[in-house]
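Fold and contact review
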Protein chains: 2
Amino acid sequence: MKPAAPFAYEGLERLFHERGRLAVCTCLIANSDGMSFKALQDACALTDGNLNRHLHALAETGVVDIARLRGQGRPTTIVHITKSGRARFLAYIDALEAVVRAVNESEPERAHDSSPLRLATS
Amino acid sequence: MKPAAPFAYEGLERLFHERGRLAVCTCLIANSDGMSFKALQDACALTDGNLNRHLHALAETGVVDIARLRGQGRPTTIVHITKSGRARFLAYIDALEAVVRAVNESEPERAHDSSPLRLATS
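Within any chain, residue numbers begin from 1 and follow the written order of that chain's sequence. Starting at A for chains and at 1 for ligands, labels are handed out in the order in which the entities are written. Given that the model is predicted, a residue must reach a pLDDT of at least 70 before its local features are reported, and side-chain atom pairs must reach 80 or more before they are shown or counted; all residues, however, enter totals for whole chains, interfaces and linings. Hydrogens and water molecules were not included; the side-chain quantities draw on all heavy atoms of the structure.

Description of the nonpolar core
The biggest cluster of nonpolar side chains holds 72 residues, and the ones touching the most others in it are Leu40(A), Phe89(A) and Leu40(B). Discounting chain neighbours no more than four positions away, the residues touching Leu40(A) are Val24(A), Cys27(A), Leu28(A), Met35(A), Leu51(A), Leu55(A) and Val79(A). Residues enter a nonpolar core if they are buried and are Ala, Val, Leu, Ile, Met, Phe, Trp, Tyr or Cys, with the set joined through side-chain atoms within 4.5 Å. Whether a residue is buried, partly exposed or exposed follows from its accessible area with a 1.4 Å probe, protein chains only, as a fraction of its type maximum: under 20%, in between, or over 50%, in that order. Contact definition: two residues touch when any of their heavy atoms are within 4.5 Å.

As structure tokens, then:
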């Protein structure tokens, strides 16, 4: 059955769709051992304030886990993506992939030299 | 050279990243002959006000073209994506695809039964 509104894309969960949070989650998925606040900030090019705000939103909804490690020196903040956060984020990525797919199906003549995605199964 | 901030995703142009506008542009790419306001609204599940607002933003930046056709009955509004709008939107889609690719590369064990994208080249 064809959906009533095929382009509504309701699976694009707002929590993840915000560009900064999308960057943070993609980065945490790639670094499943966790990342320090500083490393995350550098990888995503976010300001202190922005990264703090995004981490707060993600921690509040159980997507990330924030631990403060205290050693000899300054405490280090380590961020992990949680198991449920990972599952929710991957569902969002599936929705994103549906958008990309819809566009690529409409534009079959596009050259895709820069797109290993399409070459993954070859 | 590795980029300084590999997860910054600066190509995710804000104009297109907003969920409603992403839906509208994806829909217009799939319907290159143009769409009526009503058809666009139904396909994207947007309210009158929201669709108007998004079309205004997209027309102001030259991404879409809005024509009012007057015949015997009520005038019909027909929306097209412009040539430059199409090019800009496809560049945004490439950035989106880079995000999906980054996640999929981090998660090679994901089952992808629902993903014809990866099967497109087989």
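Thoughts on the packing of aromatic side chains
Classification of ring pairs uses Phe, Tyr and Trp, with its six-membered ring standing for Trp, and accepts pairs whose centres are within 6.5 Å; under 30 degrees between planes counts as stacked, over 60 as edge-to-face, and the remaining range as tilted. Scanning the entire structure with this criterion turns up 8 aromatic pairs over all chains. Seen from their ring centres, Phe16(A) and Phe89(A) are 5.2 Å apart, and the 65 degrees between their planes marks the pair as edge-to-face. Here Phe89(A) lies in helix H5 (residues 83-106) and Phe16(A) lies in helix H1 (residues 14-17), a separation of 73 residues in the sequence. Using a relative accessible area of 0% as the deciding quantity, one classes Phe16(A) as buried. Ring geometry for Phe7(B) versus Tyr9(B): centroids 6.3 Å apart, planes at 80 degrees, classification edge-to-face. Residue Tyr9(B) is classed as buried on the basis of its relative accessible area, which comes to 12%. Ring pairs connect the aromatic residues Phe16(A), Phe89(A) and Tyr92(A), which therefore count as one cluster. In this description a helix means any DSSP run of H or I spanning at least four residues, a strand means any run of E spanning at least two, and both kinds are numbered starting from the N terminus.

Some words on the confidence of the model for chain A
Residue and element names in this part refer to chain A. Taken as a whole, chain A shows an average pLDDT of 88; of its residues, 88% reach a score of 70 or greater. As a per-residue measure, pLDDT tells how confident the predictor is, with possible values from 0 to 100. In the model of chain A, helix H6 (residues 116-119) stands out as the element of lowest mean pLDDT, 45, in contrast to helix H4 (residues 48-60), which has the highest, 97. For this predicted complex, the interface confidence reaches an ipTM of 0.84, while the overall pTM sits at 0.85.

Some details on the sheet that holds strand S2 (residues 64-69) of chain B
Residues and elements named next belong to chain B. Strand order in this open sheet of 3 strands is S1-S3-S2, and the pairing throughout is antiparallel. Strands with a single pairing partner mark the edges of an open sheet, and in this sheet they are strand S1 (35-36) and S2. Across 6 bridges, the pairing between S2 and strand S3 (residues 76-81) is antiparallel. Paired with Ile66 across the two strands is Val79, which belongs to S3. Lines fitted to C-alpha atoms define the axes, with helix axes restricted to the stretch in contact, and inter-axis angles between N-to-C directions lie between 0 and 180 degrees. Where helix H4 (residues 48-60) meets the sheet, it contacts S2 and S3, and its direction lies at approximately 115 degrees from that of S2. We treat two strands as partners when DSSP finds at least two bridges between them.

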